[in-house]
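An overview of the molecular structure
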Amino acid sequence: VKRILQNWPHANVRIIVVTDGERILGLGDLGANGMGIPVGKLSLYTACAGISPADTLPIMLDVGTNNPDLLKDPLYLGLAEPRLRGPDYDALVEEFVTAVQQVFPKACLQFEDFGNSNAFRLLHRYRDRACTFNDDIQGTAGVTLAGLLSSEKLTGIPLAQQRILFLGAGEAGIGIGDLIVEALKLQGISTDAARRQCWFVDSKGLVVKSRTDLVEHKLRFAHDHAPLATLLEAIEALKPTALVGVSGMPQTFTEPVVRAMAKLNAKPVIFALSNPTSKAECTAEQCYTWTEGRGIFASGSPFAPVTFNGILHVPGQGNNSYIFPGVGLGVIASESTRVTDEMFYTAARVLAELVTEQDLMVGRLYPDLKRIREVSLKIGTAVAAVAFDRGLTPMLRPADLEAHVRDVMFDPHYPDYV
């Protein structure tokens, strides 16, 4: 692996996005065909945060595929074998991470679209050994937390008093829950109390301690409660202030579910975050209609504005591109040796602070995407400050940190020559 990486013609790689193609969001196991994901994510680093294309490197770890259509396709370019598992897989990833550290010692390594069985344990294994993060877990958590913080300005309910119910307990859902817990701990709430503000419903019902079928990453959010089979039953029993969909299952926020949230809350917070649009738990129009215009809605994919009873509602898109480019920019600008949960909490807080009164007046919980370079600069500066404050970098702190981060940003505009 080291020899292969040394073939790359650019020595100053600062951000790497790597996938093994197992869990491409909304599409599943694409094997080597998932290579478009690292390329696309790095394009967003350049467009949204000004990371020079020459400093980026997209990587696919081709470990086979369990997609039967690809295995029998004679034109499939990847390894036409079942997915590698177990010690051999771990050995390959270990060699890869070690090689990255040797060949590109200042690079930040972003794991993207790994399956649940690998994503959590790889993050746990390497987060304290390398400058690395998992966007599906931490980036999604950051943008969702930002939406929840923004919603406080409309509901009047602070995060410390919210009860959040998730549909879906995979990488995205548990990652969001973990970051909410970290945010609440910074407010002086104990870990156990913070976790009890987050409840999960998976394909088998409410995640509770009495269940014997829970995988490891769900256990910390398994609370003492009677088993409940459906999302509607969970809403009626737990009385959540916010409902977050990260299930990948379309139309699971049914009319009875949304109306139950509206009955419990004057301004119900409903996030249908599954991508692409066809997978969203409900549409913006359904949310606003079924809550009689009172719903506070965000989605993972874009929805057009909705006019209900003469009032314009502009749904916010809780897209990771608000978070990960700015976090990467801050890590690069500060030469941080680690990426921490505090950085993602800081990014979420900054993003929520950048929401304007004009945004809130139409119900939008995120800044206009046209401001994304400004957003990334502010997030990058705040993330870099965390790196300096926590001693995570050998660099001396610049006198004007925001100016330093701005100088790092690549601008694809060149002077006109006559």
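An account of the accompanying structure is given in this report. (Residues numbered from 1 in each chain as written. Predicted model: local features only at pLDDT ≥ 70, side-chain atom pairs only at ≥ 80, totals over all residues. Heavy atoms only, no water.)

1. Some points on the overall build of the chain
Summing up its helical and strand segments, the chain has 17 helices and 13 strands in all. Per-residue burial for the chain yields a buried fraction of 55% across its 418 residues. For the chain, restricting intrachain contacts to residue pairs at least 6 apart in sequence, the fraction spanning at least 24 positions comes to 71%. Carbon together with sulfur atoms contributes 55% to the accessible area of the chain, which is approximately 17900 Å² in total. The positive charge centre, built from 39 side chains, and the negative charge centre, built from 46, are 4 Å apart in the chain. (Helix = DSSP H or I, 4+ residues; strand = E, 2+ residues; numbered from the N terminus. Buried < 20%, exposed > 50% of the residue type's maximum accessible area, 1.4 Å probe, protein only. Contact = heavy atoms within 4.5 Å. Areas by Shrake-Rupley, 256 points an atom, 1.4 Å probe, with all protein chains shown as cover. Lys, Arg positive; Asp, Glu negative; His and termini not counted. Charge placed at Lys NZ, Arg CZ, Asp CG, Glu CD.)

2. Details of the side chain of Glu 171
Tracing the chain through its elements places Glu 171 in helix α7 (residues 171–186). Residue classification places Glu 171 among the buried residues on the basis of a relative accessible area of 0%. Beyond its immediate stretch of four places on either side in the chain, Glu 171 contacts Arg 23, Phe 114, Gly 115, Asn 116, Ala 119, Phe 120, Asn 134, Asp 136 and Ile 137.

3. Observations regarding the sheet that holds strand β9 (residues 269–272)
Taken in spatial order, the seven strands of this open sheet run β7-β6-β5-β8-β9-β10-β13, and their pairing is mixed. Of all the strands in the sheet, just β7 (205–206) and β13 (316–317) have a single pairing partner and so form its edges. Judged from the four bridges that link them, strand β8 (residues 242–245) and β9 form a sheet pairing that is parallel. Each residue of the ladder has a partner; that of Leu 243, found in β9, is Ile 270. In this fold helix α10 (residues 231–238) packs onto β5 (164–167), β6 (198–202), β7 and β8, with an angle of close to 175° to the strand it touches most, β5. (Pairing = 2+ DSSP bridges. Axes fitted to C-alpha atoms, helices over the stretch in contact; angles between N-to-C directions.)

4. Structural notes on the packing of α10 against helix α11 (residues 255–264)
When two helices pack together, you describe them by how their axes are tilted relative to each other and by the distance separating the axes. Relative orientation of the contacting elements α10 and α11 amounts to 5°, with a least axis distance of 9 Å. One way to sum up the angle between α10 and α11 is to call them roughly parallel. Mapping the contact onto sequence places Leu 231, Leu 232 and Ile 235 in α10 and Pro 256, Val 257, Ala 260, Met 261 and Leu 264 in α11. Its residues assigned to classes, the contact of α10 with α11 shows eight nonpolar, no polar and no charged. (Parallel < 35°, antiparallel > 145°, perpendicular 65-115°, else oblique. Nonpolar A, V, L, I, M, F, W, Y, C, P; charged D, E, K, R; others polar.)

5. A closer look at the pattern of salt bridges
Opposite charge on two side chains permits them to pair, given that their charged atoms come into close proximity. Evaluation of the coordinates by the stated rule reveals 27 salt bridges. Glu 112 is paired through a salt bridge with Lys 41; the nearest N and O atoms lie 3.4 Å apart. Remark: Lys 41 occurs in helix α2 (residues 36–49) and Glu 112 occurs in the loop between β3 (108–111) and α5 (116–126); sequence separation between them is 71 residues. Residue class for Lys 41 comes out buried when judged on its relative accessible area of 15%. Residues participating in the shared-partner salt-bridge network are Asp 202, Lys 204, Arg 211, Asp 213 and Lys 218. (Salt bridge = Lys/Arg side-chain N within 4 Å of Asp/Glu carboxyl O.)

6. Notes on the environment of Glu 285
Considering the arrangement of structural elements, one finds Glu 285 in helix α12 (residues 284–290). Taking C-alpha positions, Glu 285 is 8.4 Å from Phe 308, a pair spaced 23 residues apart along the chain.

7. With respect to the packing of aromatic side chains
Per the counting criterion, the structure on display carries eight aromatic pairs. Taking 5.0 Å as the distance between ring centres and 50° as the angle between the ring planes, the aromatic pair formed by Phe 200 and Phe 221 counts as tilted. With Phe 200 in strand β6 and Phe 221 in the loop between α9 (216–219) and α10, this pair connects stretches of sequence that are 21 residues apart. This pair shows no difference in class: Phe 200 is buried, exactly as Phe 221 is. When the ring of Tyr 322 is compared with that of Tyr 366, the centres are 5.4 Å apart and the planes differ by 15°; the resulting orientation is stacked. Within this pair, whereas Tyr 322 is found in the loop between β13 and α13 (324–334), its partner Tyr 366 is found in the loop between α15 (357–361) and α16 (372–389), the two being separated by 44 residues in sequence. The class for Tyr 322 is buried, based on a relative accessible area of 3%. A connected cluster of aromatic rings, assembled from ring pairs, spans Phe 166, Phe 200 and Phe 221. (Phe/Tyr/Trp six-rings, centres within 6.5 Å; stacked < 30°, edge-to-face > 60°.)

8. Digging into the layout of surface pockets
Space inside the largest pocket adds up to approximately 1200 Å³. Lining the largest pocket we find 50 residues, and of these Arg 23, Leu 25, Val 246, Gly 248 and Ser 274 sit closest to its centre. The biggest single contributor to the lining of the largest pocket is α2, with five residues. Grouping the constituent residues of the lining of the largest pocket by class yields 15 nonpolar, 22 polar and 13 charged. Volume-wise, the second largest pocket comes out at about 600 Å³. As for the second largest pocket, its lining consists of 24 residues, and the residues nearest its centre are Phe 120, His 124, Asp 178, His 217 and Arg 220. (1 Å grid on protein atoms, 1.4 Å probe; cavity = no way out; pocket = protein on both sides within 12 Å on 5 of 7 lines; lining within 4 Å. Points joined across faces, edges and corners; volume = space filled by probe spheres on them.)

9. Thoughts on the environment of Ile 37
Along the chain, Ile 37 turns up in helix α2. The partly exposed category is assigned to Ile 37, whose relative accessible area is 25%. Contact partners of Ile 37, with chain neighbours within four places excluded, come to Ile 24, Glu 112 and Asp 113.

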